[in-house]
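Fold and contact review
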Amino acid sequence: MSRDKLVKILAVLLAVSALLVFLYKMNLLAPVNRITHAAIAPIATGATAARNFLEKWFQWIFTPSRLAEENSRLAYELARITMDAAKLKALEQENIILKKALGFKEKNERQTILTKVIGRNNLDDSQALILDKGKSDGVSVGRAVVYAEGVIVGKIAEVYDTYSVVLLLTDAKTSFAATIFNSTRTTGLVRGEHGLAIKMDLIPQEEKIARGDIIITSGLEPEIPRNLVIGVVESVTKEVREPFQAALIRSLVDFNNLDYLMVVK
């Protein structure tokens with residue numbers, strides 16, 4: 001661009017600027033201002049309303065009461081999801097137990113009655129469970145009660161029309177004729193230790209017993225079939241001057257978590 005053209009452009013700009021100043025001073029630009037304000041006013045009003053709405057929305061969302069309400073809702077959802085997961089896990093475990101029970105029933109020569117634990121009695125050193133099957137279902141006193149794959153847990157002590165009571169192996173009033181699964185098939189008597197343990201005594205001193213030996217029912221009692229697993233030897237007590245030795249037995253089941261059991265007929 002030449003110098004002359006640049007000078008002309010600057011002169012025009014100065015003239016226009018001077019004209020605008022003169023018009024403004026004479027208040028001749030008021031109509032233009034009103035038209036411009038009228039055109040921009042709706043946009044400004046809308047922007048202000050949007051800003052006010054967002055401010056109020058954020059204030060509502062982040063108020064302490066709203067946060068507490070949201071925390072409460074999330075806690076409820078978490079509890080519901082946890083409960084559903086627990087129910088599913090319980091159903092899975094129940095199915096496993098029932099499948100094992102069905103397998104034992106198919107392999108066992110004697111008939112069995114599948115029962116559900118509906119109560120527990122631990123008063124006065126008693127270690128008893130209440131089962132949902134009774135006399136009308138074929139349950140009778142003295143029958144063995146087993147868990148899943150043939151682990152004996154107790155003996156039927158009381159029978160009523162629609163329910164029965166089983167004394168667990170840990171009850172002091174429970175006793176079984178038992179055999180140690182060793183080379184000599186050592187026999188003895190298994191009894192409960194006041195709800196604290198299971199003990200096998202009346203074992204001849206000359207018999208060799210080792211920790212981990214399996215204890216089974218001997219079959220000497222007519223109501224109790226042989227070869228039901230009682231547990232394994234945990235420790236052995238042997239006194240030189242005593243005619244018999246004793247063994248502490250550990251059961252293979254948790255007596256505090258029994259749901260389904262079978263009564264062997």
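Here the structure is shown first, and the text comes after it.
Going along each chain's sequence as written, the residues are numbered from 1 onward. Totals for whole chains, interfaces and linings use all residues, but because this is a predicted model, local features are given only for residues with pLDDT of at least 70 and pairs of side-chain atoms are given and counted only at 80 or more. Water and hydrogen atoms play no part in the side-chain values, which are based on all heavy atoms of the structure.

A short note on the pairing of strand β2 (residues 128-131)
As defined by bridge partners, strand β1 (residues 112-121) adjoins β2 across 4 bridges and the pair is classed as antiparallel. The residue bridging Arg 120 from the neighbouring strand is Leu 129, located in β2. Only strands that DSSP links by at least two bridges are regarded as paired with each other. Secondary structure follows DSSP: runs of H or I at least 4 residues long count as helices, runs of E at least 2 residues long count as strands, and numbering of each begins at the N terminus. Sheet topology note: the β2/strand β5 (residues 164-168) ladder contains 4 bridges and is antiparallel. Within β5, the residue paired with Leu 131 across the bridge is Ser 164.

Some details on the nonpolar core
Among the buried residues, those of types Ala, Val, Leu, Ile, Met, Phe, Trp, Tyr and Cys that are joined through side-chain atoms within 4.5 Å form a nonpolar core. Summary of the burial criterion: residues with accessible area below 20% of their type's maximum are buried, those above 50% are exposed, and those between are partly exposed, where the area comes from a 1.4 Å probe applied to protein chains only. Core analysis: the biggest nonpolar cluster contains 40 residues, and Ile 152, Val 153, Val 190, Ile 215, Leu 258 and Leu 261 have the highest contact counts within it. With 5 residues, strand β4 (residues 151-159) is the single largest residue contributor to this core. Contacts were defined at the residue level, with two residues in contact if any of their heavy atoms lie within 4.5 Å. When residues no more than four places from it in sequence are discounted, the contact partners of Leu 258 are Val 117, Leu 129, Tyr 147, Val 153, Leu 168 and Val 253.

A look at the pairing of strand β8 (residues 198-204)
Of the pairings in the sheet, the one linking strand β7 (residues 187-192) to β8 comprises 4 bridges and is antiparallel in character. Bridging from a neighbouring strand, Arg 191 pairs with Lys 199 of β8. Here β7 folds back onto β8 in antiparallel fashion, the turn holding 5 residues, of which His 194 has a positive phi close to 55°. Note: β8 against strand β11 (residues 244-250), 5 bridges, orientation antiparallel. From the neighbouring strand, Met 200 faces β11, where its bridge partner is Ala 247.

Some remarks on the pattern of salt bridges
Salt bridges are counted wherever a side-chain nitrogen of Lys or Arg sits within 4 Å of a carboxyl oxygen of Asp or Glu. Within the structure shown, the criterion is met by 8 salt bridges. Across the salt bridge formed by Lys 173 and Asp 171, the nearest N and O atoms sit 3.5 Å from each other. A salt bridge links Asp 201 to Arg 191; the shortest N-O distance between them is 2.7 Å. Here Arg 191 lies in strand β7 and Asp 201 lies in strand β8, a separation of 10 residues in the sequence. With relative accessibility at 14%, the residue Asp 201 sits in the buried group.

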